[in-house]
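The residues making up each chain are set out below.
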Amino acid sequence: MTEPADEHFWIRVHTALASRHALLLEENYVRNAARWHRITPENLDTVRAGLGPRALLTVWPDLAPDVGAVLAALPQEESIEFVWEAQDGTISHAIVDDTDYQALSAHVADARAACALPLAEHHPLLCAALPDSDGVLRARW
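On a predicted model such as this, the values are computed, not experimentally measured, just so you know. (Residues numbered from 1 in each chain as written. Predicted model: local features only at pLDDT ≥ 70, side-chain atom pairs only at ≥ 80, totals over all residues. Heavy atoms only, no water.)

(A) View of the packing of aromatic side chains. Under the definition given, this model contains two aromatic pairs. Centroid distance phenylalanine 9 to tryptophan 10: 5.0 Å. Interplanar angle 80°. Geometry classified as edge-to-face. A residue is classified by how much of its surface remains accessible, and tryptophan 10, at 2% relative accessible area, is buried. Their ring planes at 35° and their centres at 6.0 Å tell us that phenylalanine 82 and tryptophan 84 sit as a pair that is tilted. Residue phenylalanine 82 is classed as buried on the basis of its relative accessible area of 0%. Given a relative accessible area of 9%, tryptophan 84 falls into the buried group. Over the face of the ring belonging to tyrosine 29 we find arginine 35, whose NZ or CZ atom lies 5.0 Å from the ring centre. (Phe/Tyr/Trp six-rings, centres within 6.5 Å; stacked < 30°, edge-to-face > 60°. Buried < 20%, exposed > 50% of the residue type's maximum accessible area, 1.4 Å probe, protein only. Lys NZ or Arg CZ within 6 Å of the ring centre and 35° of its normal.)

As structure tokens, then:
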């Protein structure tokens, strides 16, 4: 990843938010560790201020409110990253395959929104790494 999450990147995020009203932001702040944020025009600046230094940022379409439909559409014989929002607003994720779907369905039964992101074909809306405070991109993703 060589694109910096600079002002041009954030303008693109604002543009995407204008047409979609909400997006999902994956913040990878160290390898194999991620935090997820639902971003809106109203909370984008707050979320942005709390991002970890040198984080890899990946922007995805928003979570779907019909969790049952997301579960019903899970692919067979393929691993996915399942992301869901609990009733209290916390966002969690898990990498699962078809052997885990029954347990996953029980675990997310009270979720208010979810999505399934394929691991094999990774096609986010936007992706960039946060530069240091001097504007230099030193992160190596």
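(B) Examining the nonpolar core more closely. Residues Phe9, Trp10, Val13, Ile39 and Leu57 are the most contacted members of the largest nonpolar core, which totals 18 residues. Secondary structure elements with two or more residues in this core: helix H1 (7–20), strand E1 (23–30), helix H2 (44–49), strand E3 (56–61) and strand E7 (126–129). When residues in this core are grouped by element, the largest group, five residues, is from H1. Ranked by size, the runner-up nonpolar core spans 13 residues in total, among them Val70, Phe82, Trp84 and Ala114. (Core = buried A, V, L, I, M, F, W, Y, C linked by side-chain atoms within 4.5 Å. Helix = DSSP H or I, 4+ residues; strand = E, 2+ residues; numbered from the N terminus.)

(C) Geometry of the sheet that holds E1. One open sheet holds the four strands; their spatial order is E2-E1-E3-E7, and the pairing between them is antiparallel. Among the strands making up the open sheet, the edge pair consists of strand E2 (33–39) and E7. Neighbouring strand axes in the sheet, compared pairwise and without regard to direction, differ in orientation by 20° on average. Sheet topology places E3 next to E7; four bridges connect them, and they run antiparallel. Within E7, the position partnered with leucine 56 by the bridge is alanine 129. (Pairing = 2+ DSSP bridges. Axes fitted to C-alpha atoms, helices over the stretch in contact; angles between N-to-C directions.)

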